[in-house]
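# Remarks on the overall topology
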Amino acid sequence: MAKYEIVYERDGCIGAGACANVNPANWKMSDDGKADVLKTEIDESELEANLSAARACPVNVIHIVNKETGEKLV
């Protein structure tokens, strides 16, 4: 099963909360108003939900990379 890495540029987060709304299993809003990712290494079973969270981000600070190929999916 493929493994993926979530690369999150937290400094660029504007606190829109889209990621946490789309995928609350892996994204939570912090007390400082920015999102926190709970797991940065995911597998196929978690991929779709995290792709949706990354695509929902209005400032594109969430990226998902295939760890085997280095391909950036978002």
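Just so it is clear, the model here is predicted, and its values are computed rather than measured.

## Focus on the pairing of strand E5 (residues 62-66)
The buried fraction of E5 is high, at 5 of 5 residues. On E5, burial covers both faces: Ile62, Ile64 and Asn66 on one face and His63 and Val65 on the other are all buried. One ladder, built from 5 bridges, connects strand E1 (residues 3-8) with E5; its direction is antiparallel. The partner of Tyr8 across the bridge, within E5, is Ile62.

## Some words on helix H2 (residues 44-56)
Residues spaced three or four apart along an α-helix point in a common direction, a consequence of the helix completing one turn every 3.6 residues. Here H2 contains 13 residues, and its C-alpha end-to-end distance of 19 Å stays within 8% of the 18 Å for a straight helix at 1.5 Å per residue. Looking at the buried side of H2, the elements it contacts are E1, helix H1 (18-22), strand E2 (27-29), strand E4 (41-43) and E5.

## Considerations on the pattern of salt bridges
Overall, the coordinates contain 4 salt bridges when judged by the stated rule. One salt bridge in this structure joins Asp32 and Arg10, with 3.0 Å as the shortest N-O distance. Taken together, the residues span a long stretch of sequence, with Asp32 in the loop between E2 and strand E3 (35-37) and Arg10 in the loop between E1 and H1 at a distance of 22 residues. Of the charged contacts in the structure, one is a salt bridge between Glu41 and Lys67, with a shortest N-O distance of 2.7 Å.

Definitions and limits used
Residues numbered from 1 in each chain as written. Predicted model: local features only at pLDDT ≥ 70, side-chain atom pairs only at ≥ 80, totals over all residues. Heavy atoms only, no water. Buried < 20%, exposed > 50% of the residue type's maximum accessible area, 1.4 Å probe, protein only. Helix = DSSP H or I, 4+ residues; strand = E, 2+ residues; numbered from the N terminus. Pairing = 2+ DSSP bridges. Expected span 1.5 Å × (residues − 1). Contact = heavy atoms within 4.5 Å. Salt bridge = Lys/Arg side-chain N within 4 Å of Asp/Glu carboxyl O.

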